[in-house]
Amino acid sequence: QVQLQESGPGLVKPSETLSLTCTVSGGSIRNYYWSWIRQPPGKALEWIGYIYYNGGTNYNPALKSRLTLSVDMSKNQFSLKLGSVTAADTALYYCARVGYSDSTLFDIWGQGTKVAVSS
Amino acid sequence: DIQMTQSPSTLSASVGDRVTITCRASQSISRWLAWYQQKPGKAPKLLIYKASSLESGVPSRFSGSGSGTEFTLTISSLQPDDFATYYCQQYNSYVTFGPGTKVDIK
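To keep things clear, this report deals only with the structure shown in the data block. As the structure is a computational prediction, the values presented were derived from the model and not from experiment.

### Here's the deal with the interface of chain A and chain B
Inference 1: Contacts between chain A and chain B engage 19 residues on the former and 18 residues on the latter.
Inference 2: Run the count over chain A and chain B and you get zero salt bridges.
Inference 3: For the interface between chain A and chain B, the tally reads eight residue pairs in polar contact (both at pLDDT 80 or more).
Inference 4: Elements that contribute at least two residues to the side of chain A that touches chain B include exactly β4 (33-39), β5 (46-52), β6 (57-59), β9 (91-100) and β10 (103-109) of chain A.
Inference 5: For the side of chain A that touches chain B, the element with the most residues is β10 of chain A, which contributes six residues.
Inference 6: In the side of chain A that touches chain B, the residues fall into 11 nonpolar, five polar and three charged.

What follows is the structure, encoded as C-alpha cells:
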C-alpha cells in the first residue's frame, strides 16, 4: 500500500527558505497529483499546492510568490521550497496524494513533519 | 477566494447520539465539498466527497448532504471512535478548508 513520509529540517530561520521532501513508497509517483498541506499549531488546515508527476503545478495564490514545488521521478519523491519564511509559516506540514483524477481530494497522507521558524 | 465556515466549533455528545455539523461556503461551490476526520496527532482521513459520496471503507453511519453554499455532515449514531475534529473542504476553486468542528464526549 502507498505510504508517504515527509523529511526536512525542523527549524528554519526567518527570511530563509523552508525545504521539505516527501518520499512515496509502495507505489509509483506516476499518474497522480501530489500535494502539500500545512496546519499551524491549534489551527485549521491550509492547502499549499499540488504538482503532477510530469511537473505541472497549481499553487495557493496566497503563497504562490514564495513557493516552488518539484518532483523527482527517479527517487519517487516530490519537494517543497517556501522562501522568505516568517513565524506565520510555523506549522505541521503534510504531504498527501490527490487520489481522484478529476477532483482535488486527499486520500493518502504522510504523518506530518513539524517546522518551526525561529532565530 | 472561497471562505468556509463551520458550526458549531465544538459539539459535546454521547455515544449513540445523532450528530450534525454544518459547513457554509462564501459562494456557490455546487457539490464540490469533502469532509475529513482528524484525531489528535494523526493526519486527516477522507470521509465524504462530492457532498454525499462515501469514501471506500467509511462506515455507513456517516452521511453528507447539501449543495451550493450549505452542507451538512451527519453521524447517525455516534461511536467511541468518532470523537475527533471534522473539517470540510471545498475544491470548486483551488482548495479551502473550514476551521473545524471538535466532537467531544458529553
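### A word on the nonpolar core
Inference 1: With 26 residues, the main nonpolar core has L4, L18, W36, F78, L80 and Y93 of chain A as its most contacted residues.
Inference 2: Elements represented by at least two residues in this core include exactly β3 (18-25), β4, β5, β7 (67-72), β8 (77-82), β9 and β11 (113-117) of chain A.
Inference 3: Counting residues per element, this core draws most heavily on β3 of chain A, at four residues.
Inference 4: Those residues in contact with L80 of chain A that sit more than four places away from it in its chain are L18, S19, L20, W36, I48, L67, T68 and L69 of chain A.
Inference 5: In this structure, L11, I48, A51 and Y86 of chain B belong to the second largest nonpolar core, which totals 25 residues.

Parameters at a glance
- Residues numbered from 1 in each chain as written.
- Chains lettered and ligands numbered in written order.
- Predicted model: local features only at pLDDT ≥ 70, side-chain atom pairs only at ≥ 80, totals over all residues.
- Heavy atoms only, no water.
- Contact = heavy atoms within 4.5 Å.
- Salt bridge = Lys/Arg side-chain N within 4 Å of Asp/Glu carboxyl O.
- Polar contact = N/O pair within 3.5 Å; in protein donor to acceptor, adjacent residues only side chain to side chain.
- Helix = DSSP H or I, 4+ residues; strand = E, 2+ residues; numbered from the N terminus.
- Nonpolar A, V, L, I, M, F, W, Y, C, P; charged D, E, K, R; others polar.
- Core = buried A, V, L, I, M, F, W, Y, C linked by side-chain atoms within 4.5 Å.
- Buried < 20%, exposed > 50% of the residue type's maximum accessible area, 1.4 Å probe, protein only.

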